[in-house]
Amino acid sequence: MNRDCTTEQTIDLALWAKRIWAGRVVVLKIIVVAIAVGVIVALITPKKYTAKSLLAPESTRSTNSFTSAASILGLETLNLESESDALAVAIYPDIVNSTPFLTQLLKTSVQTTDSKQPISLFDYLQHTLGVQAEQNIDPLHLTKGQAKLLAALRRAITISTDKKSGVTTISATMPDAQVAAMVVRSLTESLQEYICSYRTSKAQREAEYWEQLYKKRQQQYLDSQQGYADFIDANRSVVLQSVLNERERLQNEKLLAYQLYSSVAVQMQAAQAKVEEVKPLFTIIEPATVPLIPSSTSRMRIVVCFACVGVVIAALWVLFGQDFWKSLRKIDIPCEAVCS
């Protein structure tokens, strides 16, 4: 029985081969048409280039020399340990894809491979997409043209993070290779600035507070010092007890003002050091370079794919399609059905 099945399958394949060969003219025409369509699609499909950059996760210094020095002196300082307010690497894609971030990125100056005149990314996308939009973008009220530009930019940008190593991959796909590389570099720099600004904003406010307090305490100390000096000069030869008491009081005020001034000075130095310590340290493992080979599907591959599809369609048409079409044409439709 197996032999009969095998023989039957061999006969079917032989019959199919004969039918395809008999309809080789039709098969050839369909394949030629498919190749022609493939050539047209390959010619009208623009080339795209992808540039990428690898960014290592940020890190911060956790030690503080001023805290150690203050501890030795017995002074309490603000907490300078590394805080848990760092932006998680996992939300970098959300930051990059946000409307305010992309709006700022549209202001990036880019330069195409064939042009020496730099233009903004906004103008480049307008020209590439054929979209007209207003230059002034309000993230709360986007026009249709502006929304289309932002959507195109969002599709062109890809950012992903390796959960194990934390390495972030930033890439951009553009019709121009040089523009793609420049967008990735600008995107990497903008992301670093954003994270750095976020991490240092709180520390910067603390540093400004302690600096203002330092200037206030410094002036109080200078005033008390000057007051004490003026009193000593004015009562140099006086030995009255009331004068001695006043001199002691002024001296104590001066010492207290100096202690407060010294303590705030340590706090201010520690706060200023904290601004530098909380800054994330980025390592660019692989900087963006101008890609030499298009990342889009090659034209030859498109033509070959269409040719293969043409072969399949031609074979199906010769084997089954022609008979099915002839059977449909032979079906007689009653006149009553047509009239109704």
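Values in this document were obtained by computation on a predicted structure and should not be read as measured data.

Rules used throughout
Residues numbered from 1 in each chain as written. Predicted model: local features only at pLDDT ≥ 70, side-chain atom pairs only at ≥ 80, totals over all residues. Heavy atoms only, no water. Salt bridge = Lys/Arg side-chain N within 4 Å of Asp/Glu carboxyl O. Helix = DSSP H or I, 4+ residues; strand = E, 2+ residues; numbered from the N terminus. Buried < 20%, exposed > 50% of the residue type's maximum accessible area, 1.4 Å probe, protein only. Contact = heavy atoms within 4.5 Å. Pairing = 2+ DSSP bridges. pLDDT = per-residue confidence, 0-100.

1. With respect to the pattern of salt bridges
Next up, step 1: Across all of its chains, the model carries four salt bridges by this definition.
Next up, step 2: Taking the shortest distance from any N to any O, the salt bridge between E211 and K215 comes out at 4.0 Å. Taken together, the positions of E211 and K215, both in helix α8 (residues 177–234) and four residues apart, correspond to about one turn of that helix.
Next up, step 3: Residue class for E211 comes out partly exposed when judged on its relative accessible area of 31%.
Next up, step 4: The structure contains a network of salt bridges with shared partners spanning E246, R249 and E253.

2. Some points on the side chain of Q126
Next up, step 1: Turning to its location among the elements, Q126 is positioned in helix α6 (residues 121–129).
Next up, step 2: If we ignore the near neighbours within four places in the chain, the residues touching Q126 are V131, Q132, A133, Q135 and L149.

3. Focus: the pairing of strand β1 (residues 49–55)
Next up, step 1: Where burial is concerned, the two faces of β1 differ: the one with Y49, A51, S53 and L55 is buried and the one with T50, K52 and L54 is not.
Next up, step 2: As judged from the seven bridges shared by β1 and strand β5 (residues 168–174), these two strands associate in the antiparallel manner. Note on β5: the bridge partner recorded for T50 is T173.
Next up, step 3: Alignment of β1 against strand β6 (residues 284–286), held across two bridges, turns out to be antiparallel. If you follow L55 over to β6, its bridge partner there is I284.

4. Focus: the confidence of the model for the chain
Next up, step 1: Looking at the chain, pLDDT values average 79 and 83% of them are 70 or higher.
Next up, step 2: Within the chain, the lowest mean pLDDT, 45, falls on helix α3 (residues 65–73), and the highest, 91, falls on β1.
Next up, step 3: A low-confidence stretch, residues 60–86 stays under pLDDT 50, and its non-local contacts, those more than four residues away or across chains, total 46 contacts.

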